[in-house]
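# Coordinates in review
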Amino acid sequence: MQKKQKGIENIRLRSKEASADTVRHSLSHIMAMAVKKLYPEVKFGIGPAIENGFYYDFDLPAEASGEGGQLKISDADLPKIEKAIRELLEQDIKFIRKQITKAQTKRMFANQPYKMELIKDLGGRKISIFQSGDFTDLCAGPHVKSTREINPKAFKLTKIAGAYWRGDEKNKMLTRIYGLAFATEKELKDYLFMIGEAEKRDHRKLGKDLDLFVFSDLVGPGLPLYTHKGFTILKEIVNFSRELNQSIGYQEVHTPNMNKAELFKVSGHYEKYKEDMFRVVSNYTQEEYFLKPMNCPQHTQIYASKMRSYKDLPIRIADFANLYRDERPGELSGLTRLRAFRQDDGHCFCAPEQIKPEFKAVLKVVQQAMKAYKMNYKIRFSLWDPKNPQKYLGEKTVWEKSQKLLEEILIENKIDYFKAVGEAAIYGPKMDLIAKDSIGREWQLSTIQLDFIMPQRFGLKYIDEKGKEKTPIMIHRALVGSPERFLAVLLEHHIGALPVWLSPVQVWVIPVGSSHGRYAQKIAEQLKAEGIRAEAKTDAETVGKKIREGEMQKIPYLLIVGDKEIKAKTVAVRKRGAGDKGAMSIDKFIGIIKKEVADKK
Ligand SMILES: [Zn+2]
Ligand SMILES: [Zn+2]
């Protein structure tokens, strides 16, 4: 299984970007000043620098907030706030740091309840504050010396959102204003262009426009319903993973969606992962059950069902069972974070000397998959954090031994990798495949993990050549990870124009007039008989409109048929992104598209 990436905010203060972050953080103070000018009664939350920008949380007074906490201010007010910030930036306002006592701080912030709450939690005798003009904030800095250091053309306020004080839904909802800030106007413009590109390819929008999946309030958040088209793509992804699994000797099994808590107590997930699992209540027993968030513990029970000899190893199991994780509704987003999903999961139980060839085989098919999906990638070598051993299961010596072995595999196979401390799974180190999409965004997909611990916890055994009992090693691996999440990545990577083999509808046959409808249908039937996903578009629209619609639906091939084609027994071929290919016989077209599908083009 993959480690969950938590974190309410992307607060990143990387040292190499210290100056950009100093500007961003200073802008958050200036924005607070501007908001105070507009709404003098405002109460301040916090205002950090974040990746590419900053935000500040405000509790706005009644004139700005409507009834029942409904925000009266909206994105339409941002230009007004932006203008007020620009006016302040022109004034050469100095940032001055002071160290004052806790008592002085309390007096200074007496009518700022959120700041008072923060002061209570602060240790030490002296408290650092920053003053800029008539605005003072609790703050350790650093800040720019003067607003002159901030380029007024290189920032932009982007949106207003609700945010619970301290990220806790029991607290009051504050108004968060987000801004972007860069060193230069060009960097800001480049970033806005990237955002525009990302919006254009947002899989949630594409999923709707191309009719691939839906969400329903009655079903619940994070639980998508795939339409026939969406499911067709998922089936192709799963079938390809299935093929690759078979090619390296993995045997597919099927396992239940839930199991007793006991299983997760043995595996250690109950202790480390309980909050992230859905609990299931039975009408008939008091026993605790959980929907499973991963397959590994169940797979150990298939292994444990028989006495195993060294001759049986490696035992390789693949599984596409549904998995469930109890994600916070607020953290769910389209298909990239779900409560129900699958993985092209597999586990290999092997002897120590088999680790290397087994890893190598999985790496090979992962590389094959990335080539077919036309994605670039790099390998992240994810290590444990020796400063936080309590986050992991198992002994230090076992961790060191397994990490050394994995690094040897990477070096021997001449694989480009980078190390990431603290990214390991709870039971062992791993290699994660980070794919790069067409606009340079990175996605963690596949993973291959070494595990010396789970087989021990389940008491798994095999008899070696000398007749002695040994504990096998477990390799956890996925090829593209979750097919559902990968669908989102593919949609964004290809802006919905999936390769022919993945396209849910590969061909539309479009008759020129109503008298050509029967011929169009006949052609579509012929294509379907060859296993091609084809539809005849015989509805009453004009040809021009159908072609435009076919382009919007990203259909790889549009075949236009009229009198000329019927007479010559041909089809006029329009290829997505390549335009008219001229008329050809249907057999020739079938040959072309079948080859493209077989070659995964
Ligand atoms: Zn500050
Ligand atoms: Zn696993």
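Our structure is the block above this text.
Predicted model only: the values in this text are computed from it and were never measured.

Definitions and limits used
- Counting restarts for each chain, with residues numbered from 1 along the sequence as it is written.
- Here chains are named by letter from A upward and ligands by number from 1 upward, in the order in which they appear as written.
- Per-residue local features of the predicted model are confined to residues with pLDDT of at least 70, and side-chain atom pairs are confined, for both listing and counting, to 80 or more; whole-chain, interface and lining totals are unaffected and use all residues.
- To obtain the side-chain values, all non-hydrogen atoms of the structure were included, while hydrogens and water were left out.
- Here a strand is any run of E in DSSP of at least two residues, a helix any run of H or I of at least four, and the numbering for each starts at the N terminus.
- A simple rule labels every residue: compare its accessible area, found with a 1.4 Å probe on the protein chains alone, to the largest value its type can have, and call it buried under 20%, exposed over 50%, or partly exposed in between.
- In this analysis, two residues are considered to be in contact whenever any of their non-hydrogen atoms come within 4.5 Å of each other.
- A pair of strands is treated as paired once DSSP finds two or more bridges between them.
- In this analysis an axis means a line fitted to C-alpha atoms, helices contributing only their contacting stretch, and an angle means the value between N-to-C directions, from 0 to 180 degrees.
- Pairs were defined over the aromatic rings of Phe, Tyr and Trp, the Trp ring being its six-membered one, requiring ring centres within 6.5 Å. Orientation was assigned from the angle between planes: stacked under 30 degrees, edge-to-face over 60, tilted for the rest.
- Both a distance and an angle decide whether a charge sits over a ring: NZ of Lys or CZ of Arg must be within 6 Å of the ring centre and within 35 degrees of the ring normal.
- Each metal's donors comprise the N, O and S atoms found within 2.8 Å of it (within 3.2 Å for Na, K or Ca). Water is not part of the atom list, so some coordination spheres may appear incomplete.

### Describing the environment of Lys36
The topology assignment puts Lys36 in helix H1 (residues 18–38). Judged by its relative accessible area of 29%, Lys36 falls in the partly exposed class. Remark: the alpha-carbon pair of Lys36 and Leu78, spanning 42 residues in sequence, is separated by 14 Å. The residues touching Lys36, leaving out its near neighbours within four places in the chain, are Val42, Phe44 and Asp134.

### Some points on unusual backbone geometry
Note the cis peptide between Gly141 and Pro142, where omega equals 0 degrees. Mapping Pro142 onto the fold places it in the loop between strand S6 (135–138) and strand S7 (155–164). Residue Pro314 follows Leu313 across a cis peptide bond; omega there is -5 degrees. Note on placement: Pro314 falls in the loop between helix H10 (296–303) and strand S15 (315–319). Its identity is not glycine, yet Lys374 carries a phi of approximately 60 degrees, on the positive side.

### Let's talk about the sheet that holds strand S29 (residues 570–575)
With mixed pairing, the five strands of this open sheet are ordered in space as S27-S26-S28-S29-S30. Only two strands of the sheet have a single partner each, and these edge strands are strand S27 (534–536) and strand S30 (579–585). Taken pair by pair, the neighbouring strands of this sheet meet at an average axis angle of 25 degrees, ignoring direction. Contacts between helix H18 (residues 586–598) and the sheet are confined to strand S26 (507–511), strand S28 (557–561), S29 and S30, with S30 contributing the most and set at about 125 degrees to the helix.

### Focus: the packing of aromatic side chains
Counting across every chain of the model gives 21 aromatic pairs. Look at Phe44 and Phe58: their rings are 6.0 Å apart centre to centre, the planes differ by 65 degrees, and that puts the pair in the edge-to-face class. A residue pair is termed long-range when its members are at least 10 positions apart, and Phe44 in strand S1 (residues 43–44) and Phe58 in strand S3 (residues 53–59) qualify at 14 residues. What makes Phe44 buried here is its relative accessible area of 4%. Judged by its relative accessible area of 0%, Phe58 is buried. A connected cluster of aromatic rings, assembled from ring pairs, spans Phe44, Tyr56, Phe58 and Phe135. Cation over ring: Arg24 sits above Phe182, and NZ or CZ is 5.2 Å from the ring centre. The ring of Tyr178 carries Lys159 above its face, with NZ or CZ at 4.8 Å from the centroid.

### Brief notes about the coordination of the zinc ion (ligand 2)
Six octahedral donors around a metal ideally sit at 90 or 180 degrees from one another, while four tetrahedral donors ideally sit at 109.5 degrees. For the zinc ion (ligand 2), the full set of protein donor atoms is Cys296 (SG), His347 (NE2) and His476 (ND1), at a range of 2.0 to 2.3 Å. All donors of the zinc ion (ligand 2) come from a single chain, and their spacing in sequence reads C-x50-H-x128-H. Residue His347 is found in strand S18 (residues 345–350), and its partner His476 is found in strand S25 (residues 473–478); the two are separated by 129 residues along the sequence.

### Observations concerning the coordination of the zinc ion (ligand 1)
At the metal site, the zinc ion (ligand 1) is ligated by His25 (NE2), His29 (NE2) and Cys139 (SG), and these contacts range over 2.0 to 2.3 Å. One chain supplies every donor for the zinc ion (ligand 1), spaced along it as H-x3-H-x109-C. Placement of His25 in helix H1 and of Cys139 in the loop between S6 and S7 is noted, with a sequence separation of 114 residues between them. Taken individually, His25 and Cys139 each receive the classification buried, so the pair is uniform in this respect.

### Observations concerning the sheet that holds S25
With mixed pairing, the eight strands of this open sheet are ordered in space as S11-S15-S18-S25-S22-S21-S19-S20. Unpaired on one side and paired on the other, strand S11 (251–253) and strand S20 (417–421) mark the two borders of the sheet. Adjacent strand axes in the sheet meet at a mean angle of 25 degrees, parallel and antiparallel pairs treated alike. Two elements, strand S19 (residues 376–383) and S20, share five bridges in a ladder whose sense is parallel. When the bridges of S20 are listed, Ser382 appears paired with Ala420.

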